[in-house]
Amino acid sequence: MTENLKADAAKNKIPRRRITLDSQLMSYWDREARRLDTLAANARWGWMARTYTRKAERARAQGARSFAREADRGIGTVPEGESET
């Protein structure tokens, strides 16, 4: 069965996207920042909202580092599931 898939891919010349750890980390840190923003918006106390906001900022910074490494690599700079528009 896998031979058929390989033959179909070779016949149709389907470009395969290279998935790297950095591209996966970009997606993860983006989701984590959005989750923390939601927690901050729903926090009862100001100190908890500020803590979640700081954590979200750290998550975005970590995602930016992965994005920079991925951009240096020159491939797959758009996270999975997102369009280039």
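Up top is the structure these notes are about.
Each chain has its residues counted from 1, following the order in which its sequence is written. Note on the predicted model: pLDDT of at least 70 is required for a residue's local features to be given, and 80 or more for side-chain atom pairs to be given and counted; whole-chain, interface and lining totals, by contrast, use all residues. To obtain the side-chain values, all non-hydrogen atoms of the structure were included, while hydrogens and water were left out.

Chemist: Summarise a positive patch on the surface; cite the residues concerned and give the values.
Modeler: On the surface, Arg50, Arg54, Lys55 and Arg58 cluster together to form a positively charged patch. You can see Arg58 is positioned in helix 3 (residues 46-73). Without a salt bridge and with relative accessible area above 30%, a residue can belong to a patch; like charges are then joined within 9 Å and nonpolar side chains (Val, Leu, Ile, Met, Phe, Trp, Tyr) within 5 Å. Reported accessibility uses the Shrake-Rupley method at a 1.4 Å probe radius. Residues are deemed covered only where the shown protein chains occlude them. Salt bridge criterion: a side-chain nitrogen from Lys or Arg within 4 Å of a carboxyl oxygen from Asp or Glu. Residues scored as positive are Lys and Arg, those scored as negative are Asp and Glu, and His as well as the terminal groups of each chain are ignored. Just so you know, the charge point we use is NZ for Lys, CZ for Arg, CG for Asp and CD for Glu. Numbering of helices and strands starts at the N terminus; helices are DSSP runs of H or I of at least 4 residues and strands are runs of E of at least 2.

Chemist: Talk me through the pattern of salt bridges; I want residue IDs and the actual numbers.
Modeler: Scanning the model with the defined rule gives 6 salt bridges in all. Arg35 is paired through a salt bridge with Glu32; the nearest N and O atoms lie 2.8 Å apart. With a gap of 3 residues between them, Arg35 and Glu32 both fall in helix 2 (residues 21-41), about one helical turn apart. The partner of Asp37 in a salt bridge is Arg60, with the nearest N and O atoms 2.2 Å apart. Within this pair, whereas Asp37 is found in helix 2, its partner Arg60 is found in helix 3, the two being separated by 23 residues in sequence. Three labels apply to residues, based on accessible area from a 1.4 Å probe with only protein chains included: buried if under 20% of the type maximum, exposed if over 50%, partly exposed otherwise in between. Accessibility expressed as a relative area gives 31% for Asp37, which makes it partly exposed. Arg60 sits in the partly exposed class, given a relative accessible area of 42%. Each of the salt bridges in this network shares a partner with another, and the network as a whole consists of Asp22, Arg69, Glu70 and Arg73.

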